[in-house]
Amino acid sequence: MPRSIKIIVATVVVPLVLVAGLLFAIPYFVNVDAFGGKVVQQIEATLGRKVTVGAIHLSLMPPSLVIEKLAISEDPKFGSGDFATVDSLKVRVSLMALFNRNLDVSSIQAERPSIKLIKNAQGVMNIDSLAGGAAGKNAPGGAAAAGPPLEIGKLQLTDGTVVMDDLSGPKASHQKFEHVKATVGNFSSSTPFDFLVSLNVGEGTIETSGTAGPIQQGDPPMLPLKSQLKLDKVDLGQLAGPDLQGLLSGIVDIDDDGKVAKVDGSTTVEKLVASPKGRAAAVPVLAKFQVEYTFTSEVLAMKNVTINVGQSQGQLSGTLNRKNPALSRINLKAENAALVEIGKLLPALGVILPNNSSFASGVLSNAGEFHGSLQPLNGQATLNVQNAKLTGFSVSDKVATVAKLAGIQTGGKDTEIQSLKGAANFVNGAATFSNLVMVIPGVTISGGGSMSPDGHLDMKMQALLTSAAAGAQIMNILSAGKPVPFFVRGTMDNPTFLPDVAGMAKNQVSGITGTASGAEKALSGLFGKKKN
């Protein structure tokens, strides 16, 4: 959203500042061939940049001043080359006023402008020195160039291109917006003005309209505005960088005083991918939010954010600090979210269930507190799953096979999860699981372990038979009522269950000692024998 404001500043304000420079040179325009050099000199004084132009001439139908092939040089602190170019700038004027050495501008049209925005590692933009250029800085009180307020009935930009290189974040980003169109009505350098800007992002479009201005000189300069953004299938990868993929649509209202932007909106993301290993979500993700962004600190405060996946809802709160990601804090909470819908989102997060299984029922409640950059993840979370059914993968079969347990119901293809609880701690993308307890028919599985950032599991678990069936009771007798240990290795989508041979041997030795008579009594009871 701050980038959108900078784009508006760049695409709308640059031509206006240019016209302010022309204002001082207009007495020479009647004989433009003779005084072209002085025209350029005045523009350069206003912009604080080197300016080159091609031909400058008058057009009578309609009465216009036409400047061909205009180029504004880059701020030397950001390199060489051109900051902006315009194929043709047409300024519609009153001929009578022009001959009287005055300027009466009714409209301006900039054809095929191209602007390159750069934000360096310190968060300074190359447009900052332009919008507060030499003339503005030398004027009393930091006001715009001296003279009467500039008023223009209409300003149009057609088929523009805006490129932005952002070097201020943890990762450098490059964005390109094409077919930029802008219209400004009733512009005045001293009062607010109306605007409409549209641009293409991939196959989608962004359109913003509202009221902006007046420009407030400063370091950096500020442009207050009230606007509404309309997004239609905008490519998230081009808008936010390669870490996010999907098609973004929605409506966002912005109230920006130049220091803090208050943003309310509702957006939908289709085909979301939020992990390098993820694949497109099968369900759209809806977000409703009220946030505030402070430009100087680059902090986004989440006042009220809800995320909906179908009928399931989660809440987000906290702050995102773009300038210093280590200070970011995010809280996540969900109550009784339907696993059927949450399961459709998991692939987008890089979580693939075993054997491509899926949830047919159940609810999830969880809470998480995360800090620092979200990639890699750091923080803590708890989870609580109730009455779930996982179709396409049987935990009972896997456990019964490796633990050599009789009394567990096997042969099915699904897992009935009566409950699953536990906690996770994330450090630089690696997860440590603790206090895991899963209750399925006939057995309780507990333990903990870890998952590496690349998704490899190292879990140490144990199974305790709880069935009243004869086989289960016999196994409990032989193991002295102790749980049977086993390992889970591999990955989340392809876990491998392995026997803990050493742990089993220890339990068997403990179970054999002094249990013979107890086993006899128990077996007699099971088979209905009477002791003489």
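Our structure is the block above this text.
Here goes a summary of the coordinates provided. Bear in mind that the values here come from a model prediction, so they are computed numbers and not experimental data.

## Some remarks on the pattern of salt bridges
Here comes step 1: Counted under the stated rule, the structure contains eleven salt bridges.
Here comes step 2: A salt bridge links K389 to D414, with the shortest nitrogen-to-oxygen separation between them at 3.9 Å. Residue K389 is located in strand β18 (residues 379–391), and its partner D414 is located in strand β19 (residues 414–427); the two are separated by 25 residues in the primary sequence.

## Re the pairing of strand β21 (residues 443–451)
As a general feature of sheets, a regular strand has side chains that alternate between the two faces.
Here comes step 1: With eight bridges connecting them, strand β20 (residues 430–440) and β21 associate as antiparallel partners. Note that in β21 the partner of M438 across the bridge is I445.
Here comes step 2: From the end of β20 to the start of β21, which pair antiparallel, there are two residues, and G442 there has a positive phi angle of about 90°.
Here comes step 3: Two strands pair when backbone bridges link them, and β21 and strand β22 (residues 457–465) are joined in this way by nine bridges, in the antiparallel orientation. In the sheet register, G447 faces β22, and the bridge partner there is M461.
Here comes step 4: In this structure, the hairpin formed by β21 and β22 is closed by a connection of five residues, where G455 is found at a positive phi of approximately 95°.

## Some thoughts on the packing of aromatic side chains
Here comes step 1: Using the criterion set out here, one finds four aromatic pairs in the structure.
Here comes step 2: When the ring of Y293 is compared with that of F295, the centres are 5.4 Å apart and the planes differ by 80°; the resulting orientation is edge-to-face.
Here comes step 3: Taking the centre distance of 6.3 Å and the plane angle of 50° together, the rings of F370 and F426 count as tilted. Taken together, the residues span a long stretch of sequence, with F370 in strand β17 (residues 358–371) and F426 in strand β19 at a distance of 56 residues. One exposure class covers both F370 and F426, and it is buried.
Here comes step 4: Taken together, the ring pairs connect F393, F486 and F497 into an aromatic cluster.
Here comes step 5: In this structure, R49 is placed above the aromatic ring of F83, and the distance from its NZ or CZ to the ring centre is 5.2 Å.
Here comes step 6: Positioned over the ring face of F487 is R489, at 4.6 Å from the centre of the ring.

## A closer look at the pairing of strand β10 (residues 225–235)
Here comes step 1: Here strand β9 (residues 204–212) pairs with β10 via eight bridges, running antiparallel. Across the sheet, residue S209 finds its bridge partner in β10, namely Q228.
Here comes step 2: Across nine bridges, β10 lies against strand β11 (residues 245–256) in antiparallel orientation. Note that in β11 the partner of K226 across the bridge is D255.

## Comments concerning the nonpolar core
Here comes step 1: Core analysis: the largest hydrophobic core is formed by 60 residues, its most contacted members being L117 and L272.
Here comes step 2: Those residues within four positions of L272 in sequence are excluded, and the remaining contacts are L236, L244, Q245, G246, R279, A280, A281, V285, L345 and A348.
Here comes step 3: L339, A381, I417 and F497 belong to the second-largest nonpolar core, a separate cluster that totals 35 residues.

## Some remarks on the environment of P453
Here comes step 1: With respect to the secondary-structure elements, P453 resides in the loop between β21 and β22.
Here comes step 2: Taking relative accessible area as the criterion, P453 reaches 58% and is therefore assigned exposed.
Here comes step 3: Considered as a pair, P453 and P376 are 77 residues apart in the sequence and their alpha carbons are 8.2 Å apart.
Here comes step 4: Among all residues touching P453, those that are not within four sequence positions of it are N428, G429 and A430.

## A closer look at the side chain of S227
Here comes step 1: Inspection of the secondary structure assignment puts S227 in strand β10.
Here comes step 2: Looking at S227, the relative accessible area reads 8%, which means it is buried.
Here comes step 3: Dropping the residues within four chain positions of it, S227 is found in contact with F195, T208, S209, G210, V252, D253 and I254.

How each quantity is defined
Residues numbered from 1 in each chain as written. Predicted model: local features only at pLDDT ≥ 70, side-chain atom pairs only at ≥ 80, totals over all residues. Heavy atoms only, no water. Salt bridge = Lys/Arg side-chain N within 4 Å of Asp/Glu carboxyl O. Helix = DSSP H or I, 4+ residues; strand = E, 2+ residues; numbered from the N terminus. Pairing = 2+ DSSP bridges. Phe/Tyr/Trp six-rings, centres within 6.5 Å; stacked < 30°, edge-to-face > 60°. Buried < 20%, exposed > 50% of the residue type's maximum accessible area, 1.4 Å probe, protein only. Lys NZ or Arg CZ within 6 Å of the ring centre and 35° of its normal. Core = buried A, V, L, I, M, F, W, Y, C linked by side-chain atoms within 4.5 Å. Contact = heavy atoms within 4.5 Å.

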